[in-house]
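Remarks on the overall topology
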Amino acid sequence: MDLLLVAVLIFLINIFFGYWRSNTRRFSVQWLMAIHIPIALAIVVRLLLLEWDWATVPVFIAAFIGEQNDGGTIKNYLERA
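Predicted, not measured: the structure shown is a model, and the values here were computed from it. (Residues numbered from 1 in each chain as written. Predicted model: local features only at pLDDT ≥ 70, side-chain atom pairs only at ≥ 80, totals over all residues. Heavy atoms only, no water.)

Within the protein, the secondary structure is distributed over three helices and zero strands. C-alpha extents for the protein along the principal axes are approximately 40 × 25 × 15 Å. Per-residue burial for the protein yields a buried fraction of 35% across its 81 residues. Across the protein, contacts joining residues at least 24 apart in sequence account for 75% of those joining residues at least 6 apart. With the model as given, the accessible surface of the protein reaches about 5,600 Å², and the carbon-plus-sulfur share is 71%. (Helix = DSSP H or I, 4+ residues; strand = E, 2+ residues; numbered from the N terminus. Buried < 20%, exposed > 50% of the residue type's maximum accessible area, 1.4 Å probe, protein only. Contact = heavy atoms within 4.5 Å. Areas by Shrake-Rupley, 256 points an atom, 1.4 Å probe, with all protein chains shown as cover.)

Okay, structure coming up:
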């Protein structure tokens, strides 16, 4: 249950950062911040709520990458609506 909770928290954090990333110029300082700040937050959340285990890494990578992309998709959808 803790793994699911942490994955959902990372998922929610990355929606906002993916939205922000899609509004910036690629490889700018803001773009780099939008990618790297949620990595630090994800590490903190994992260390606070879970014990270290290599088996959980793929779950968090998938949640991170998926939501970075979904945040940009949400931004594009809202602009069209």
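Another aspect to go through is the packing of helix α2 (residues 29-49) against helix α3 (residues 57-80). Relative to each other, α2 and α3 sit at 145°, their axes nearing to 12 Å. Remark: the crossing between α2 and α3 carries right-handed chirality. Counted together, A34, I35, P38, I39 and R46 of α2 and V57, F60, F64 and Q68 of α3 form the full contact between these two elements. Taken together, the residues of the contact of α2 with α3 break down into seven nonpolar, one polar and one charged. (Axes fitted to C-alpha atoms, helices over the stretch in contact; angles between N-to-C directions. Left-handed = near helix turned anticlockwise from the far one by under 90°. Nonpolar A, V, L, I, M, F, W, Y, C, P; charged D, E, K, R; others polar.)

This brings us to the side chain of R46. Mapped onto the secondary structure, R46 falls in helix α2. What makes R46 buried here is its relative accessible area of 12%. Other than its neighbours up to four places away in sequence, R46 contacts V6, I10, W52, D53, T56, V57 and F60.

Our focus in this paragraph is the nonpolar core. Residues V6, A7, I10, A42, V45, L50, F60 and A63 constitute the largest nonpolar core, which totals eight residues. Counting residues per element, the ones that place at least two in this core are α1 (2-22), α2 and α3. Counting residues per element, this core draws most heavily on α1, which supplies three residues. Each residue touching V6, except ones within four places of it in the same chain, is listed here: V45, R46, L49, L50 and F60. (Core = buried A, V, L, I, M, F, W, Y, C linked by side-chain atoms within 4.5 Å.)

As for its position among the elements, Q68 is in helix α3. For Q68, the residues in contact, after removing those within four places along its chain, are N14, F17, G18, R21, A34, I35 and P38.

Without other data, these values stay purely geometric and don't point to any function.
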